[in-house]
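Coordinate analysis (summary)
Below, each chain spelled out in residue letters.
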Amino acid sequence: MKLLSVAIPCYNSAEYMNHAIETLLTGGKEMEIIIVDDGSKDDTRKIADEYAAKYPDIIKSVHQENGGHGEAVNTGLLHATGLYFKVVDSDDWVNEDALRQVLDKLQELAEDGQSLDLMIANYVYEKPSINKHKVMDYKTALPKGKVFTWNDIMHFKQSQYIIMHAAIYRTKLLKDCGLKLPKHTFYVDNIFVYQPLPYVKTIYYLDVNLYRYFIGREDQSVNEKVMLKRIDQQIRITKIMIESHDMSQIKNKKLRNYMIKYLCMMMTVSSVYLIRDNTNESLAKKQELWDYLKKADKKLYNRINNMFLGRSMNLPGKAGRKIVDIGYKISKKIYGFG
């Protein structure tokens, strides 16, 4: 069995996918790299097939009709045979030294017989256009150097939510929990990291800067203008997350609180953009989203609505606009745009 399967969703990625693949290849034969060509119209298919032919023991080339980022992740997971699973987007890459440390630690834990459900590593916002990068770590939120449980987690800052770029899940856990991301929808990475959390019993935080998250393309999903254009998809993802779990059934208090705060963040992100758009249609969408949460789970609605960010999304006047601006700055930290 391979130690780590990595899916690379690709759609018209010929211009930059090589970098992602080459950095992952440094992991050697412990790696399984699954290039998922999501109905590309450029040379993505050709590049994927050439890599698979050159590295048949490491790389799989899989082709499908266009289904969007989520369906490409689903396909990658379907073909994954490694003990652990990660997603690396085709315009991102990994640090080679950090990848070696990740593989060594996963191997060490496996040989010691320690069952690990989730490994978390740091990620880095990379903005080559201005020669700038920003490391996002979990040093104040998670214990280091040991396998731990949800009971051991500490305080998460707004910028420290566990996102897909930080997560390496046990493959069997993802398959057993029935993870399936929606087709033709952006921002599915939130579901990918959120839905499996109640199934996670053991966690390890490795304080290395593994994932390099490229920021800068004008058509990127986290570009501010693009996010506003796709706000309906962000709302759809938030609704799916609301429906994914009954919070009253999550017995661990720290995990439950974390997941509720995560949902509050998702409600805030959608609300901030809808408020900033400031049209009758966008404000009606904001109200509909909050009504949806209230109808789905009134207790959860009350909990989120009583949080600082949740309550602030419905404040009128100058004070309300000021709080919305705070929410906007938080959104920028979480998504890395701007």
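Shown above is the structure to which this text applies.
Overview of the structure. Residue positions are given per chain, counting from 1 as you read along its sequence in written order. Local features are withheld for residues below a pLDDT of 70 in this predicted model, meaning they are given only at 70 or higher, and side-chain atom pairs are given and counted only at 80 or more; totals for whole chains, interfaces and linings count all residues. Excluded from the side-chain calculation are hydrogens and water; included are all heavy atoms of the structure.

**Considerations on the packing of aromatic side chains**
- In this scheme Phe, Tyr and Trp rings, the latter by its six-membered ring, pair at centre separations within 6.5 Å, and the angle between planes marks the pair as stacked below 30 degrees, edge-to-face above 60, and tilted otherwise. Using the criterion set out here, one finds 14 aromatic pairs in the structure.
- Their ring planes at 75° and their centres at 6.3 Å tell us that Trp290 and Tyr301 sit as a pair that is edge-to-face. One end of the pair, Trp290, is in helix α10 (residues 280-296); the other, Tyr301, is in helix α11 (residues 298-305), and 11 residues separate them in sequence.
- Between buried and exposed lies partly exposed: a residue is buried under 20% and exposed over 50% of the maximum accessible area for its type, with that area taken using a 1.4 Å probe on protein chains only. Given a relative accessible area of 2%, Trp290 falls into the buried group.
- Judged by relative accessible area, which is 15%, Tyr301 ranks as buried.
- Every member of this aromatic cluster is reached through a ring pair, and the members are Trp150, Phe156, Tyr161, Tyr194, Tyr258 and Tyr262.
- By the criterion adopted, a ring carries a charge over it if an Arg CZ or a Lys NZ lies within 6 Å of its centre and within 35 degrees of its normal. Above the plane of the ring of Phe186 lies Arg230, whose end atom (NZ or CZ) is 3.5 Å from the centre.
- Between Lys239 and the ring centre of Tyr292, over which it is positioned, the NZ or CZ distance is 4.8 Å. Strands here mean DSSP runs of E at least two residues long; helices mean DSSP runs of H or I at least four residues long; both are numbered from the N terminus.

**Re a negative patch on the surface**
- Each patch is built from salt-bridge-free residues with over 30% relative accessible area, joining like charges within 9 Å and nonpolar side chains (Val, Leu, Ile, Met, Phe, Trp, Tyr) within 5 Å. Using the Shrake-Rupley algorithm and a 1.4 Å probe, accessible areas are obtained, with residue cover drawn only from the displayed protein chains. Definition used for salt bridges: Asp or Glu carboxyl oxygen within 4 Å of a side-chain nitrogen of Lys or Arg. Under the counting rule used here, the positive set is Lys and Arg, the negative set is Asp and Glu, and His together with the chain ends is not counted. Lysine's charge is taken at NZ, arginine's at CZ, aspartate's at CG and glutamate's at CD. Taken together, the side chains of Asp42, Asp43, Asp49 and Glu50 make up a negatively charged region of the molecular surface.
- Locating Asp42 in the fold gives a position in the loop between β2 (31-38) and α2 (44-54).

**Let's talk about the packing of helix α1 (residues 17-25) against α2**
- Interaxial angles span 0 to 180 degrees and are taken between N-to-C directions of axes, which are lines fitted to C-alpha atoms, for helices over the stretch in contact. Close contact between α1 and α2 brings their axes to 11 Å; oriented N to C, the two are set at 20°. If you check the angle between α1 and α2, you find them roughly parallel. Like other packed secondary-structure pairs, α1 and α2 cross with a definite hand, here right-handed. Mapping the contact onto sequence places Met17, Asn18, Ile21, Glu22 and Leu25 in α1 and Thr44, Ile47, Ala48 and Tyr51 in α2.
- Basically, the charged four are Asp, Glu, Lys and Arg, the nonpolar ten are Ala, Val, Leu, Ile, Met, Phe, Trp, Tyr, Cys and Pro, and anything else, Gly included, counts as polar. The residue inventory of the contact of α1 with α2, partitioned by class, reads six nonpolar, two polar and one charged. Should an angle fall under 35 degrees it is called roughly parallel, over 145 degrees roughly antiparallel, and 65 to 115 degrees roughly perpendicular, with every other angle called oblique. Note on convention: the crossing is left-handed when the near helix lies turned anticlockwise from the far helix by less than a right angle, right-handed when the turn is clockwise. Should any heavy atoms of two residues lie within 4.5 Å, those residues are considered in contact.

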